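Spelled out, the chains give:
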Amino acid sequence: VRQDPVTKRYSLGFRVLELAGAFSEYSNIESVIRPIMRRVCDATRQNTHLAVMDRSEIVFIAVEQPRESVSLNVSVGTREPAMVTALGRAFIAFLPASEMESAIAASSLKTYTRTTITDKDDLIVALQRVRKERLAYDNEEYKPGIACFAAPVFNHRREVLYTIGISGSAEMIRPRLKEYGNIVRLAGIEASSLLGCTEPPRES
């Protein structure tokens, strides 16, 4: 806010315009990717999310939920730790090597469940697999009983701007790992193409 030096009244400042611009950008992107999210949700019958990275957390900016049932109540604005979630790892795996190493070194590797990866070497291996397969998988590592898939969404500079993924009951997802994983991976590729990325990033 700004205060008028004469009247002492407050009014909205220019920061609001910046925030409005950021919101508009996300809204436009969300509207472009929303049809893909709906198809993923219909095909898997699992909650489908679009997320951005904010420091060490991922933030949900769009959510699609199956009509039949809602296994998770996740709303726009929800934050989760990036290092232990599929949506977060789909970001981290494609950071420049030095940034990825710094992120891992700075992580406390907190234990959330019995399957949480807490060894840094194991985490590096997991991130390398994500980079190779263009797909991240969270096997009950953040929430007991919940499994997730996520794929990166690249822009024309091959930078990850968003991640798209599903989450739901591990009992429902595990029997269809290959099918659901492929759906999410292809969704990431399609969304990336809409943002101008016509080929995957080169290994470094």
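Everything numeric here is computed off the predicted structure, so don't read it as measured data. (Residues numbered from 1 in each chain as written. Predicted model: local features only at pLDDT ≥ 70, side-chain atom pairs only at ≥ 80, totals over all residues. Heavy atoms only, no water.)

> When you look at the sheet that holds strand 4 (residues 57-64) in this model, what are you seeing that I'm missing?
The strands that make up a sheet pair up through hydrogen bonds in the backbone, lying either parallel or antiparallel. The strand order across the open sheet built from 6 strands is 5-4-3-8-7-6, with neighbouring strands paired in antiparallel fashion. Looking at the sheet topology across the chains shown, the edges are occupied by strand 5 (79-81) and strand 6 (136-139). Within the sheet, the average angular offset between the axes of one strand and its neighbour, ignoring direction, is 30°. As judged from the 7 bridges shared by strand 3 (residues 47-54) and strand 4, these two strands associate in the antiparallel manner. By the bridge assignment for strand 4, V52 is matched with V59. Sheet strands touched by helix 6 (residues 177-194): strand 6, strand 7 (146-154) and strand 8 (160-169). Its angle to strand 7, the strand with the most contacts, is close to 25°. (Pairing = 2+ DSSP bridges. Helix = DSSP H or I, 4+ residues; strand = E, 2+ residues; numbered from the N terminus. Axes fitted to C-alpha atoms, helices over the stretch in contact; angles between N-to-C directions. Contact = heavy atoms within 4.5 Å.)

> It is not clear to me how empty space enclosed by the protein should be interpreted in this structure. Could you clarify?
Gaps left between atoms show up when a probe the size of a water molecule is rolled over them. Applying the stated criterion to the full structure yields 1 cavity of 30 Å³ or more. In this structure, the largest cavity spans a volume of roughly 140 Å³. Looking at the largest cavity, it is lined by 17 residues, and the ones nearest its centre are F60, E80, D138, C148 and S167. Those elements that provide at least two residues to the lining of the largest cavity are helix 2 (86-92), strand 7 and strand 8. Its residues assigned to classes, the lining of the largest cavity comprises 10 nonpolar, 4 polar and 3 charged. (1 Å grid on protein atoms, 1.4 Å probe; cavity = no way out; pocket = protein on both sides within 12 Å on 5 of 7 lines; lining within 4 Å. Points joined across faces, edges and corners; volume = space filled by probe spheres on them. Nonpolar A, V, L, I, M, F, W, Y, C, P; charged D, E, K, R; others polar.)

> Hey, could you run me through the packing of helix 3 (residues 97-106) against helix 4 (residues 120-133) in this one?
Geometrically, a packed helix pair is captured by the angle between its two axes and the distance between the axes. Axis separation between helix 3 and helix 4 bottoms out at 11 Å; the angle between their running directions is 140°. As the angle between them shows, helix 3 and helix 4 are arranged oblique. Viewed along their axes, helix 3 and helix 4 form a crossing whose handedness is right-handed. Every residue of helix 4 that contacts helix 3 at M100, I104 and A105 is listed here: K120, L123, I124 and L127. Grouping the amino acids of the contact of helix 3 with helix 4 by side-chain chemistry returns 6 nonpolar, no polar and 1 charged. (Parallel < 35°, antiparallel > 145°, perpendicular 65-115°, else oblique. Left-handed = near helix turned anticlockwise from the far one by under 90°.)

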